[in-house]
Structures are given as structure tokens and as C-alpha cells.
Amino acid sequence: MEQPHIDELLERYLGLVDEYTQLRQKLSELQSGVYQNIARANFTGERGMRYGQDHYDDRMQATRLLVIDVEKTEGPVFSIINARMEESDEVDSSAVKAEGEESEQHADGDSTKKPAQKKRNKNRNPLHWFGIFAPMPLRNAQTQSIQAVEEIIPKLVSVNAEMLHVEIEVRRARKRRAKAEAAANKEIGPTASTETEAPLLEAS
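Going along each chain's sequence as written, the residues are numbered from 1 onward. Only residues with pLDDT of at least 70 get local features here, since the model is predicted, and only at 80 or more are side-chain atom pairs given and counted; chain-wide, interface and lining totals rely on the full set of residues. Side-chain numbers here rest on the full set of heavy atoms in the structure, without hydrogens or water.

For the protein, the name recorded in an unreviewed UniProt entry is Vacuolar ATPase assembly protein VMA22, with Fusarium albosuccineum as its organism.

Put into C-alpha cells, the structure is as follows:
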């Protein structure tokens, strides 16, 4: 009875391979577009201005965070969240906590609201490192990079993890099938030998 289950797993694996191939193709197209747009921005930019790592801000921080969900049995699921939203939530919760503590101590809570508001309104768009009026090809490169990081790459690694999980399930199912066939052969062996011995005894 393991063969239908193995067939279902293999069919599912082929679907995952097709999805993985399409995602890799989309990722390759986005990466090519990013490099082409950066090249256009460098070509049309001001003299001596090149958009690259030389103009990165030393205070650079991640604007997106990776979240891994390992509760599902099919394998881990990867997703991307906005780091600025997470920071805002943490700032809001800490501000509320500080305000509650100060209200208990009959202190003024306005001092906790101001730094929280300043930190919440802080803009960490890397595009502004290259000036306020960044060229359109550079903006297009940022848009394509965001699409790759937020949409394609999490799906790609999630599908890859699910493929590995299906491969393990196929190997386990094949081992169970081999054990069942071996047990069936052991049961058939003694009965076949007794049937062949009976005619020999009658002939003698």
C-alpha cells in the first residue's frame, strides 16, 4: 500500500520542482534588471559620481528582518517583515511602559513621548544616501531589489525546504515498502517449499 503514497509524494515533488524553477527564473530576471538599472544610473549620473558601496552610510541598518516559522510539519516557512514597523512597535510599547511607571510615580510622561516620536519618524531609506533627487534607474533598481527580497527569495527558500522534506518522506516510504516486501517474501518462502516437497514424498 506504500506505492500510491510514494506516487503522490513524487507528484508533489515534481510540482515543487516546477515552482522552484519558475522562482529561480524570476529571481534571475530581477537581479539582471537591478544590475542594468545601476549601470544606467552610473552612466547618466553626475561626473565622478558612482552609485555603489563607496557611498554607503556607516550607520547602515537592516530595514527588513527574516522570520522563520518552524511549527509546520512540511518544513520551515520563511517570510520578511519590515524592521521599521517592528522598531516602532517596540518603541511604542517601551514608551507606554515608561509612561505607566512615571504616572505611578506622579511624574510627567511627556519626556517619553518625544523621543519615541522622533525615532518613529526617522527615515532609513537607503536611497537618500545618494541625495534627495536620486535618478529614476536607481529607484527602479531599489524597487526590483525589494521585490526580490520580500517576495521571491522567501518563497524560494520555503519551496526548497519543502522539497527536502518531501525527499525524506519518499526515502522513508521506500524503506517501509522494502521491509514489507521482504516480510512478504519470507512468508511465501516456507509455503512454497512445503508444496514442492509434497509431490516428492508421494512419488517415493
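A.B. asks: I would appreciate a short explanation of the overall build of the protein in the present structure.
C.D. replies: Secondary structure elements are taken from DSSP: a helix is a run of H or I of four residues or more, a strand is a run of E of two residues or more, and numbering for both begins at the N terminus. Counting its regular elements, the protein contains four helices and two strands. Order of helices (α) and strands (β) in the protein, N terminus to C terminus: α-β-β-α-α-α. Residue exposure (1.4 Å probe, protein chains only): buried if accessible area is under 20% of the type maximum, exposed if over 50%, otherwise partly exposed. Looking at the 204 residues of the protein, the share that counts as buried comes to 20%. Look at the contacts in the protein between residues 6 or more apart in sequence, and 65% of them connect residues 24 or more apart. Contact between two residues is taken to exist if any of their heavy atoms lie within 4.5 Å; hydrogens are not considered.

A.B. asks: Could you clarify how one ought to interpret the pattern of salt bridges in this entry?
C.D. replies: Pairing of side chains with opposite charge becomes possible as their charged atoms draw close. Salt bridge, as used here, is a side-chain nitrogen of Lys or Arg placed within 4 Å of a carboxyl oxygen of Asp or Glu. Taken as a whole and judged by the stated rule, the model has three salt bridges. Close ionic contact of Arg12 with Glu162 constitutes a salt bridge, the shortest N to O distance being 2.8 Å. Of this pair, Arg12 sits in helix 1 (residues 2-44) while Glu162 is found in helix 4 (residues 136-203), placing the two residues 150 residues apart along the sequence. Owing to a relative accessible area of 32%, Arg12 belongs among the partly exposed residues under this scheme. Between Arg64 and Glu150 there is a salt bridge, and its shortest N-O distance comes to 2.5 Å. In this pair, Arg64 is assigned in strand 1 (residues 64-69) and Glu150 in helix 4, connecting sequence segments 86 residues apart. Owing to a relative accessible area of 25%, Arg64 belongs among the partly exposed residues under this scheme.

A.B. asks: I keep staring at the environment of Gly52 and nothing clicks. Help me out?
C.D. replies: Residue placement: Gly52 occurs in the loop between helix 1 and strand 1. Note: C-alpha distance between Gly52 and Asn42 (ten residues apart in sequence) is 9.0 Å.

A.B. asks: Before we go on, may I ask you to explain the side chain of Thr63 in this structure?
C.D. replies: By the secondary structure assignment, Thr63 is in the loop between helix 1 and strand 1. Look at Thr63 and you get buried, because its relative accessible area is 16%. Contacts described as polar in this section are N or O atom pairs within 3.5 Å, which, within protein, must combine one atom able to donate a hydrogen with one able to accept it, while residues neighboring in sequence count only if both atoms come from side chains. In this structure the side chain of Thr63 is engaged in a polar contact, spanning 3.1 Å, whose partner is the side chain of Arg64.

A.B. asks: What is the right way to read the nonpolar core from this model?
C.D. replies: Nonpolar side chains in soluble globular proteins tend to be buried together. Residues grouped as a nonpolar core are buried Ala, Val, Leu, Ile, Met, Phe, Trp, Tyr and Cys residues, joined through side-chain atoms within 4.5 Å. Within the largest apolar cluster, twelve residues are counted, these being Leu9, Leu16, Leu23, Leu27, Leu30, Ala148, Ile152, Leu156, Val159, Met163, Val166 and Val170. Mapped onto this core, the elements with two or more residues apiece are helix 1 and helix 4. The greatest single-element share of this core, amounting to seven residues, is contributed by helix 4. Ala41, Met49, Tyr51 and Phe130 belong to the second largest nonpolar core, which has seven residues in total.

A.B. asks: What's the story with the side chain of Ser158 in this structure? I'm lost.
C.D. replies: Take Ser158: it is sitting in helix 4. The residues touching Ser158, leaving out its near neighbours within four places in the chain, are Pro76, Val77 and Phe78.

A.B. asks: Help me understand the environment of Met163, please; the structure alone is not making it clear to me.
C.D. replies: Along the chain, Met163 falls in helix 4. When its relative accessible area of 10% is taken as the criterion, Met163 is described as buried. With 151 residues separating them in the primary sequence, Met163 and Arg12 have C-alpha atoms 8.9 Å apart. Met163 has contacts with Tyr13, Leu16, Val17 and Tyr20, leaving out every residue within four places of it along the chain.

A.B. asks: Help me understand a nonpolar patch on the surface, please; the structure alone is not making it clear to me.
C.D. replies: A patch consists of residues whose relative accessible area exceeds 30% and which take part in no salt bridge; residues with like charges are grouped when within 9 Å of each other, and nonpolar side chains (Val, Leu, Ile, Met, Phe, Trp, Tyr) when within 5 Å. Using a 1.4 Å probe, the Shrake-Rupley method yields the accessible areas, and only the shown protein chains count as cover for residues. Taken together, the side chains of Leu66, Ile68 and Val70 make up a nonpolar region of the molecular surface, amounting to roughly 300 Å² of accessible area. Looking at the secondary structure, you find Ile68 in strand 1. Judged by its relative accessible area of 47%, Ile68 falls in the partly exposed class.

A.B. asks: What am I meant to see in helix 1 here?
C.D. replies: Because the α-helix completes a turn every 3.6 residues, residues three or four places apart line up on one side. Between its first and last C-alpha, helix 1 extends 63 Å over 43 residues, near the 63 Å set by a 1.5 Å rise per residue. Three or more residues of helix 1 are buried, namely Ile6, Leu9, Leu16, Leu23, Leu27, Leu30, Gly33, Val34, Asn37, Ala41 and Asn42. Working rule for helices: expected span equals 1.5 Å times residues minus one.

A.B. asks: It is not clear to me how the environment of Val157 should be interpreted in this structure. Could you clarify?
C.D. replies: Among the secondary structure elements, Val157 is positioned in helix 4. On a C-alpha basis, the gap between Val157 and Tyr20 in space is 8.8 Å, while along the polypeptide they are 137 residues apart.

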